[in-house]
Amino acid sequence: MTNTVYEQAETAAEFIRTRVARSIDAAVVLGSGLGAFADTLTDAIHFPYSEIPGFPVSTVEGHSGRLVVGQLAMSPNTEKTIAAMQGRFHFYEGYEMEQVTLPMRTFGALGIKKLILTNAAGGVNPAFKQGSLMLIRDHINLMPVNPLRGKNDTRFGPRFPDMTEVYSRRGGELALRCAKAMGLELNEGVYLALQGPNYETPAEVRMARLLGGDAVGMSTVPEAMVARHMNLEVLGLSLITNAAAGVAEGSIDHNEVMAMGQQVSGQFIELLQRILKEW
């Protein structure tokens, strides 16, 4: 008999608990080119996805494919325990939505209440500069499958979860304060999710702009929806790695996405650290 998603999440959570003695304060999902944050955690335990029961394997370049659980120093005598995903799973890799979002279900099973989702995105809003960061205030889901489709398990949440506030206003205001303290411009906008893996056409980008999108990408939204289904508090951050097709001249290449992640790595890490210390 096939295990339910709830049972899969509980099994994965129990596997992690056997090696992590402390409760985990928050989780972070690190998008393309943004995985360096996990390397700053101290006393870290590394879990390759292939070792966690039920987890798929990340196949995308720039996604290390492991869960890192370690300490973030708050002061000389206090720390927070953070779980950081170096790479995520995508629907376009051929995985089912239940597989894509299993880590979020596992975070819920671990008792984690706060989640930061990050991604590399194309800038639809022409005012957004390459290399800038965007606070996700809301999203538009144009993926072909809803991650909450199917029989609802009330142990996770209600059949019809409210999505009025997918991304925490409180967390968003904190992120803006942290960015201001750094002298870092943090844009605010709407993230529009498409299936991928191809980059969008200029016509699709015009559609995204007409619908109210400020950035476009191929991830994050399924994870956010599942996290809110379990009543996790979610914060979303996009790195605008490039102007989306038709917004600026030239083609789009994944190597460019990776290079931009490395370029802004220092600022991105500091912003995450500041947010997590105060959240």
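Here is what the cut-offs are and how they apply
- Residues numbered from 1 in each chain as written.
- Predicted model: local features only at pLDDT ≥ 70, side-chain atom pairs only at ≥ 80, totals over all residues.
- Heavy atoms only, no water.
- Buried < 20%, exposed > 50% of the residue type's maximum accessible area, 1.4 Å probe, protein only.
- Helix = DSSP H or I, 4+ residues; strand = E, 2+ residues; numbered from the N terminus.
- Pairing = 2+ DSSP bridges.
- Right-handed = clockwise from strand over helix to strand, strands pointing away.
- Core = buried A, V, L, I, M, F, W, Y, C linked by side-chain atoms within 4.5 Å.
- Contact = heavy atoms within 4.5 Å.
- Expected span 1.5 Å × (residues − 1).
- Arc of directions from axis to C-beta.
- Polar contact = N/O pair within 3.5 Å; in protein donor to acceptor, adjacent residues only side chain to side chain.
- Axes fitted to C-alpha atoms, helices over the stretch in contact; angles between N-to-C directions.
- Parallel < 35°, antiparallel > 145°, perpendicular 65-115°, else oblique.
- Left-handed = near helix turned anticlockwise from the far one by under 90°.
- Nonpolar A, V, L, I, M, F, W, Y, C, P; charged D, E, K, R; others polar.
- Phe/Tyr/Trp six-rings, centres within 6.5 Å; stacked < 30°, edge-to-face > 60°.
- Lys NZ or Arg CZ within 6 Å of the ring centre and 35° of its normal.

A. View of the pairing of strand β7 (residues 186-193). Of all eight residues making up β7, seven are buried, and the element is well covered by its neighbours. With eight bridges joining them, strand β6 (residues 133-141) and β7 adopt parallel strand pairing. The residue bridging L135 from the neighbouring strand is E188, located in β7. When β7 meets strand β8 (residues 215-217), the two strands line up parallel, connected through three bridges. Counted as the bridge partner of A193 is G217 from β8. For the crossover that starts at β7, traverses helix α5 (residues 202-211) and ends in the parallel β8, the hand is right-handed.

B. Structural view of the nonpolar core. Counting 50 residues, the largest nonpolar core has L67, M85, M104, F107 and L115 as the members making the most contacts within it. Among the elements that take part in this core, helix α6 (residues 221-229) stands out by supplying five residues, more than any other. Apart from residues lying up to four places away in sequence, F107 is in contact with A27, V29, L67, A83, M85, I112 and L115. By size, the runner-up hydrophobic cluster in this structure holds 33 residues, among which are L174, A175, C178 and L235.

C. Expanded view of helix α4 (residues 169-182). Compared with an ideal rise of 1.5 Å per residue, which puts 14 residues at 20 Å, α4 spans 20 Å between its outermost C-alpha atoms and is within 8% of the ideal. The set of residues buried in α4 consists of G171, G172, L174, A175, C178, A179 and M182. What you see down the axis of α4 is that its buried residues fit within an arc of 160°, all on one side. More than 90 degrees from the buried face of α4, the exposed residues found are R169, R170, R177, K180 and A181. Sitting at the head of α4, S168 places a side-chain oxygen 3.3 Å from the backbone nitrogen of R170.

D. Examining the pairing of strand β1 (residues 26-30) more closely. In terms of burial, β1 is largely enclosed, as five of its five residues are buried. Covered by surrounding structure in β1 are A26, V28 and L30 together with A27 and V29, the residues of both alternating faces. Pairing of β1 with strand β4 (residues 78-86) involves five bridges; the strand directions are parallel. By the bridge assignment, A26 is partnered in β4 with I82. With three bridges joining them, β1 and strand β5 (residues 114-123) adopt parallel strand pairing.

E. Representation of the packing of α4 against helix α8 (residues 265-278) in the model. Where α4 contacts α8, the axes come no closer than 9 Å and their chain directions differ by 130°. Considering their axes alone, α4 and α8 lie oblique with respect to each other. Seen from above, α4 lies across α8 with right-handed handedness. Only Q267, E270, L271, R274, I275 and E278 of α8 make contact with α4, whose side of the interface consists of L174, A175, C178, A179, A181 and M182. Within the contact of α4 with α8, the residues separate by chemical class into eight nonpolar, one polar and three charged.

F. Focus on helix α1 (residues 5-17). The first and last C-alpha atoms of α1 sit 18 Å apart over 13 residues, in line with the 18 Å expected at 1.5 Å per residue. Within α1, the full set of buried residues consists of A9, A12, A13 and I16. Within α1, the buried residues cover an arc of 100° as seen down the axis, which keeps them to one side. Each element contacted by the buried residues of α1 is listed here: β2 (42-48), β3 (66-75) and α3 (102-109).

G. Representation of the packing of aromatic side chains within the structure. Under the definition given, this model contains six aromatic pairs. Taking 6.1 Å as the distance between ring centres and 75° as the angle between the ring planes, the aromatic pair formed by F89 and Y95 counts as edge-to-face. The pair formed by F89 and Y95 is uniform in burial state, with each residue classed as buried. An aromatic cluster of three or more residues is present, and its members are Y49, F55, F89 and Y95. The ring centre of F156 lies 4.0 Å from the NZ or CZ of R105, which sits over that ring. The ring of W279 carries K114 above its face, with NZ or CZ at 6.0 Å from the centroid.

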